[in-house]
Amino acid sequence: MKRLLVATGGGDCPGLNAVIRAIVHRASQEKDWEVLGSIQAFNGVLWEPTEVVRLDIDTVKGIHFQGGTIIETTNKGGPFSWPVKDKDGKWSYVDRSDEMIRKLQIMQIDAVISIGGDGSQQISEKLYRKGLNIIGVPKTIDNDLSSTDSTFGFQTAVEIATEAVDKLVTTAASHNRVFVMEVMGREAGWIAMNAAVAGGADVCLIPEMPYDIELVKEALEKRFKRDRGFAVVIVAEGARPKGGEMATQQNDEVGYANKRLGGIARKLIDDLKNAGFKHDMRETVLGHLQRGGVPIAYDRVLSAQFGVKAFEMVLNGDFGKMVAYRHPKFVAVPLIDAISKPNLVTADNALVKTMQGLGICMGVKIPRKAPKVAKVTKGE
Ligand code: F6P
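What you are looking at is a predicted structure, and each value in this text was computed from that prediction instead of being measured.

Scoring rules and cut-offs
Starting from 1, residues in each chain are numbered consecutively following that chain's sequence as written. In keeping with the predicted nature of the model, local features appear solely for residues at pLDDT of at least 70, side-chain atom pairs appear and are counted solely at 80 or more, and the whole-chain, interface and lining totals rest on all residues. Hydrogens and water molecules were not included; the side-chain quantities draw on all heavy atoms of the structure. When a carboxyl oxygen of Asp or Glu lies within 4 Å of a side-chain nitrogen of Lys or Arg, that pair is called a salt bridge. Strands here mean DSSP runs of E at least two residues long; helices mean DSSP runs of H or I at least four residues long; both are numbered from the N terminus. Relative accessibility decides the category of a residue: with a 1.4 Å probe and only protein chains considered, values under 20% of the type maximum give buried, values over 50% give exposed, and everything between is partly exposed. Here is the rule: rings of Phe, Tyr and Trp (six-membered ring for Trp) pair when centre to centre is within 6.5 Å. Planes less than 30 degrees apart are stacked, more than 60 are edge-to-face, and the remainder are tilted. Both a distance and an angle decide whether a charge sits over a ring: NZ of Lys or CZ of Arg must be within 6 Å of the ring centre and within 35 degrees of the ring normal. Helix span, as expected, comes to 1.5 Å for every residue beyond the first. Arc, as used here, means the arc of the directions from the helix axis to the C-beta atoms. Residues count as neighbours in contact if any of their non-hydrogen atoms are within 4.5 Å of one another. One heavy atom within 4 Å of a molecule or strand is enough for the residue carrying it to be called near that molecule or strand. Polar contacts, as counted here, are pairs of nitrogen or oxygen atoms within 3.5 Å of one another; within protein the pair requires one atom able to donate a hydrogen and one able to accept it, and residues that are adjacent in sequence qualify only if both atoms are side-chain atoms. Calculation of accessible area relied on Shrake-Rupley with a 1.4 Å probe; when residues are assessed, cover is drawn exclusively from the protein chains displayed. Classification convention: Asp, Glu, Lys, Arg as charged; Ala, Val, Leu, Ile, Met, Phe, Trp, Tyr, Cys, Pro as nonpolar; all other residues, Gly among them, as polar. Segment limits for the domains were obtained from an automatic or database-derived domain assignment. Buried area is calculated as the accessible area (1.4 Å probe) missing from two parts once they are joined, with the contributions of both summed.

1. As for the pattern of salt bridges
Turning to step 1, where the next piece is worked out: The full count for this structure, using the stated rule, is 19 salt bridges.
Turning to step 2, where the next piece is worked out: We note a salt bridge from Arg291 to Asp12, for which the minimum N-O separation is 2.9 Å. Separated by 279 residues along the polypeptide, Arg291 in the loop between β13 (281-285) and α9 (297-316) and Asp12 in the loop between β1 (2-8) and α1 (16-28) bring together distant segments of the chain.
Turning to step 3, where the next piece is worked out: Judged by its relative accessible area of 22%, Asp12 falls in the partly exposed class.
Turning to step 4, where the next piece is worked out: Across the salt bridge formed by Asp271 and Lys267, the nearest N and O atoms sit 2.8 Å from each other.

Below, the structure is given as structure tokens:
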């Protein structure tokens, strides 16, 4: 019997369970494979005693529409930076990757599928270089992994953010207020931009384009001049003013390596007030609601496709690679390429152009090429 170990790492994300289920279903079609799941990313392997569970058709029954992950996850620590408490009560970090690979050999694991975002895939790539037969599946609501057209979970987050905008619009209109809604995305503005277009927002601020507060104020004032009106501003958590810093939150959780973003909606409201903007403003921080609950059908389908392809990559021995969606195909790309640079918004992105066309203010002046006007000849 051959053994596959599945792990889910990083922040949870709608669609994780659908990937796990697809892997197990595809594996069950081969006579000689059994699937195991490591609890809380690779912690399950590293803990003493280990926490590894068997994943079979019964275990994954009906999980494709469940949010979260049945094998749990973590975005703290990991095999290369395992937190250890020193005698003086301080935490330090040790590399347990060699020990983990040895443990996997003892457990007779032939291959590993790691479902996770950029942090998890960086770990996958390092483990591959140490000789582990590992394959990555791109997960993140932020859609910031390159090499793939999209990651699963992202469309569900956009759907949730759009529903929230729809709700804010009715209360904003009733009170003639400005609502500033803060969405997730880390250093990428994809959730913000998609929710802004789908929800008909007036302003959308993203990390890739540090904003000019005067341009934001101008756009909102113009909006209120049009009628008694209201406005919706969507701000990505990583957005920042020109020359300013990202808004961050204090975080003392052991092993948490990321910057915790948050607070930009409040800051924007304060800055608009200080710039002389007079209308009433309220903020909404959507937070983890964007990651919870059931995946939409699109993400269930994408997750199923990723899961089946990932297992087939195991059969083909396509290790050190990540499944990627390159419309209309699912392909294997080297992990090193997938993690080499993040997928961020650029000024020439098609959605940026659409937003310009819709008159959504992005807090910056984006030069626009004059459109070619076709010559109309008489009689045509
Ligand atoms: O990467 C996914 C994400 O939800 C980001 O959008 C967000 O900044 C971060 O994770 C939040 O992480 P945590 O769950 O640790 O608060």
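2. Digging into the packing of aromatic side chains
Turning to step 1, where the next piece is worked out: One pass over the full model with this rule turns up five aromatic pairs.
Turning to step 2, where the next piece is worked out: Each ring, one from Phe224 and one from Phe277, has its centre 6.2 Å from the other, and the planes form 70°; the classification is edge-to-face. In this pair, Phe224 sits in helix α7 (residues 213-226) while Phe277 sits in the loop between α8 (264-274) and β13, placing the two residues 53 residues apart along the sequence.
Turning to step 3, where the next piece is worked out: Given the relative accessible area of 9%, Phe224 is considered buried.
Turning to step 4, where the next piece is worked out: Where Tyr325 meets Phe330, the ring centres are 4.8 Å apart and the plane angle is 20°; that geometry is what we call stacked. Neither Tyr325 nor Phe330 differs from the other in exposure class; each is buried.
Turning to step 5, where the next piece is worked out: Through successive ring pairs, a cluster of aromatic residues spans Phe152, Phe306, Tyr325 and Phe330.
Turning to step 6, where the next piece is worked out: Between Lys126 and the ring centre of Phe80, over which it is positioned, the NZ or CZ distance is 4.4 Å.
Turning to step 7, where the next piece is worked out: Lying across the ring of Phe230, Arg223 places its NZ or CZ 5.3 Å from the centre.

3. Concerning α9
Turning to step 1, where the next piece is worked out: Spanning 20 residues, α9 covers 29 Å between terminal C-alpha atoms, matching the ideal 28 Å at 1.5 Å per step.
Turning to step 2, where the next piece is worked out: Three or more residues of α9 are buried, namely Asp299, Leu302, Ser303, Phe306, Gly307, Ala310, Phe311, Met313 and Val314. Summarising the axial view, the buried residues of α9 lie within an arc of 165°, below the 170-degree limit, and thus occupy one face. Residues of α9 that are exposed and point more than 90 degrees away from the buried face comprise Ala297 and Asn316.

4. Remarks on the environment of Val183
Turning to step 1, where the next piece is worked out: Among the secondary structure elements, Val183 is positioned in strand β8 (residues 178-183).
Turning to step 2, where the next piece is worked out: For Val183, a relative accessible area of 1% translates into the label buried.
Turning to step 3, where the next piece is worked out: A sequence separation of 55 residues divides Val183 from Gly238, and the C-alpha atoms of the two residues are 9.0 Å apart.
Turning to step 4, where the next piece is worked out: With residues near it in sequence (within four places) discarded, Val183 still touches Ala161, Ile191, Ala192, Ile234, Val235, Ala236, Glu237, Leu286 and Gln290.

5. Regarding the site of the ligand
Turning to step 1, where the next piece is worked out: Surveying the vicinity of the ligand reveals the residues Asn75, Ile141, Asp142, Met184, Gly185, Arg186, Glu237, Tyr256, His288 and Arg291.
Turning to step 2, where the next piece is worked out: Separating an oxygen atom of the ligand from a side-chain N or O atom of Asp142 is a distance of 2.7 Å.
Turning to step 3, where the next piece is worked out: Measuring from an oxygen atom of the ligand, one finds a side-chain N or O atom of His288 at 2.9 Å.
Turning to step 4, where the next piece is worked out: Alone, the ligand offers 400 Å² of accessible surface; in the complex the protein occludes 84% of this.
Turning to step 5, where the next piece is worked out: Class assignment for the residues of the shell around the ligand results in three nonpolar, three polar and four charged.

6. Section: the domain arrangement of the chain
Turning to step 1, where the next piece is worked out: Domain boundaries in the chain define domain 1 (2-152 + 295-327) and domain 2 (156-291 + 345-358).
Turning to step 2, where the next piece is worked out: When each unit is reduced to the centre of its C-alpha atoms, the spacing between domain 1 and domain 2 is 33 Å.
Turning to step 3, where the next piece is worked out: Both sides together, the interface formed by domain 1 and domain 2 hides about 1400 Å², and carbon and sulfur atoms give 57% of it.
Turning to step 4, where the next piece is worked out: Seen at the junction of domain 1 and domain 2, the total is one salt bridge.
Turning to step 5, where the next piece is worked out: There are six residue pairs in polar contact (both at pLDDT 80 or more) connecting domain 1 and domain 2.
Turning to step 6, where the next piece is worked out: Across the side of domain 1 that touches domain 2, the residue classes break down as eight nonpolar, four polar and five charged.

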